[in-house]
Amino acid sequence: MGMLRFIFTIVSFVFFILKSDAQGLKVESFTLEATDISASIHSKLDLNGNACALIKVDYPYVGAAFEGNIIDEPLFKTNEYWVYMSPGSKQIKIHTPGHHTLYLAFSNYNLSGLEARRTYYLKITSDNGDKPTFNEILSNVPLYQIHRNSKFGFVDSTGKEVVPPIYEHNVGFNEGLAQVTFNGKVGYIDKSGRFIINPSYEIGWGFKDGIACVKNNGKWGAINHKGDIIVPTIYDKAAIGGWGDGHIPMLLNGKYCIVDDLGRMTLPPTFDDAWGYSCGLCAVFLNGDKFFINTLGDILFKPSDETGIIFKYDLLRAKHNGKWGYVDKSGAFAIEPKFDYAGDFSQDAPLAPVAIDGKYGYVNTDGDIVIPLNYDSADRFYHGYAAVKVNGKYGVINEKGDICILPQYDSITVHSDGAFCVTDLSHGNFEQYYIDLYGHKIADYSDGSPIIL
């Protein structure tokens, strides 16, 4: 816990240094784009009824502000701002987080003033010297989803708004990128709010193993971190569970085939349903039966009783004679079925929640009960912590079974980097907010506005 507080302090200090030792911005280019007719097609009038000029500012971070003869609020459009100014304007000032104000006189570019219905292009860059960039620092900062005015954004561990709430929907960061919905389309941003992959998809999933499934024009495919299409969008559906072991089942003409991370179909459309790969195995369904196959399509076993779907640590929960245990990749019980309930093992911890006679605890991969059955319910571990329920309230334990947050909340969700989203009804109102390991409030999750997903 002390180490987490130290890390948070260091992160806050770095942000303070960035602010107090602000870096400079410089103009890389400022040109009149004679062939760009955006200022005419998307025209605006100033207060005197004159048609405006348009400056497209190539600055891919949310949070810039502009001064001058600005008409209306500048529009942020996929890594650039559209700034409308009155004709004849001679200068503009630009403010961005962590940088000194940039003053640009148009006369320095042989312009006596901006012309009506003309589009200009301004490219600015950061003069960082040897200092780390804003984005380099942000890449190691944990961010948490917030909901404001029916829009979503992100705050850091101090509650500071880092990515403003401008998205119709967003999902937490996976592999450094967050899936967001902007103007009805899905794209992917980094932790500065910059679009790394432009919002152009109907649906997009979070990244896993460097790959994300996306839907475009009613068809599914997959992209990499750069936005390159590695699986063409020709499939009817992507299997729930996503990528695993470099393969994923895709629905084509009513049957699931298997596609690899090079976009090749390695198994033809055969199966009625399928789940993503894990530990080299994939659950598939054919003619009402469930099988587990490997990436070559070999059937490893056909379960005789009820089982889960996803292997973790080469184990899968399975039910026999009314009791739950865990089978290995051959289908044989490695942990005898003796539990009334058994959950999946965690992605990042060899622990799984189990229950006997209504009480929950955790077993390891040998089947030993390593955290006693003392809880009314128990969730899977995530980043070293798990939510547990005692006497109707939720708290948090670590992998040793130590109570980190006393059971006092109506619900609790574990996030990465020592933050937890809690629901609190104790004051007669519905409150949902983030706390740290010490129980200190970080930020409100929602302002109470309707959530539109």
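What counts and how
Residues numbered from 1 in each chain as written. Predicted model: local features only at pLDDT ≥ 70, side-chain atom pairs only at ≥ 80, totals over all residues. Heavy atoms only, no water. Helix = DSSP H or I, 4+ residues; strand = E, 2+ residues; numbered from the N terminus. Contact = heavy atoms within 4.5 Å. Areas by Shrake-Rupley, 256 points an atom, 1.4 Å probe, with all protein chains shown as cover. Salt bridge = Lys/Arg side-chain N within 4 Å of Asp/Glu carboxyl O. Buried < 20%, exposed > 50% of the residue type's maximum accessible area, 1.4 Å probe, protein only. Core = buried A, V, L, I, M, F, W, Y, C linked by side-chain atoms within 4.5 Å. Polar contact = N/O pair within 3.5 Å; in protein donor to acceptor, adjacent residues only side chain to side chain. 1 Å grid on protein atoms, 1.4 Å probe; cavity = no way out; pocket = protein on both sides within 12 Å on 5 of 7 lines; lining within 4 Å. Points joined across faces, edges and corners; volume = space filled by probe spheres on them. Nonpolar A, V, L, I, M, F, W, Y, C, P; charged D, E, K, R; others polar.

A. Spatial organisation of the overall build of the chain. Helix and strand content of the chain: 3 helices and 42 strands. Across the chain, the fraction of contacts at a sequence separation of at least 24, relative to all contacts at a separation of at least 6, is 40%. Put simply, the chain shows about 21400 Å² of open surface, and 50% of that area lies on carbon and sulfur atoms.

B. Geometry of the pattern of salt bridges. Going through the model one piece at a time under the given rule, you end up with 15 salt bridges. One salt bridge connects lysine 302 with aspartate 289, and the closest N-O pair in it is separated by 4.0 Å. On the criterion of sequence distance, the pair formed by lysine 302 in the loop between strand 27 (299–301) and strand 28 (316–320) and aspartate 289 in strand 26 (residues 289–293) is long-range, its members being 13 residues apart. Classification of aspartate 289 as partly exposed rests on a relative accessible area of 32%. The partner of aspartate 376 in a salt bridge is lysine 359, and the shortest N-O contact between them spans 2.8 Å. Here the residue aspartate 376 occupies a position in the loop between strand 34 (369–375) and strand 35 (377–378), and lysine 359 occupies one in strand 33 (residues 359–363), the gap between them amounting to 17 residues. Look at lysine 359 and you get partly exposed, because its relative accessible area is 34%.

C. How the structure looks around the nonpolar core. Judged by nonpolar contacts, the single largest core of 25 residues is most densely connected at Tyr235 and Met250. Elements supplying a minimum of two residues to this core: strand 17 (211–216), strand 18 (219–224), strand 19 (229–235), strand 21 (247–252), strand 22 (255–260), strand 23 (265–271), strand 25 (282–286) and strand 26. Setting aside residues up to four positions removed in sequence, methionine 250 forms contacts with Cys213, Gly221, Val231, Tyr235, Lys237, Ala238, Lys255, Tyr256, Cys257 and Val259. Listed in part, the 23 residues of the second largest apolar core include Ala64, Phe76, Leu102 and Leu111.

D. Quick peek at the environment of threonine 365. Of note, threonine 365 is situated in the loop between strand 33 and strand 34. Judged by its relative accessible area of 30%, threonine 365 falls in the partly exposed class. Sequence spacing of threonine 365 and alanine 349 is 16 residues, and the spatial spacing of their C-alpha atoms is 9.9 Å. Residues in contact with threonine 365, not counting those within four places in the same chain, are Tyr313, Leu315, Ile335, Phe345 and Pro350.

E. Spotlight on the environment of histidine 383. Within the element layout of this structure, histidine 383 appears in the loop between strand 35 and strand 36 (385–390). The exposure class assigned to histidine 383 is partly exposed, which follows from its relative accessible area of 41%. Separated by 35 residues in sequence, histidine 383 and aspartate 348 place their C-alpha atoms 6.7 Å apart. Setting aside its immediate chain neighbours within four residues, histidine 383 contacts Asp348 and Ser416. Of note is the side chain of histidine 383, whose polar atom sits 3.5 Å from the side chain of tyrosine 382.

F. Quick look at the layout of surface pockets. By volume, the largest pocket is sized at about 1500 Å³. Forming the boundary of the largest pocket are 48 residues, of which Phe173, Asn174, Gln347, Tyr382 and His383 lie nearest the centre. Of all the secondary structure elements, the ones that give two or more residues to the lining of the largest pocket are strand 9 (144–148), strand 12 (169–174), strand 39 (411–414), strand 40 (419–424) and strand 41 (431–436). Looking at side-chain class alone, the lining of the largest pocket contains 20 nonpolar, 19 polar and 9 charged residues.

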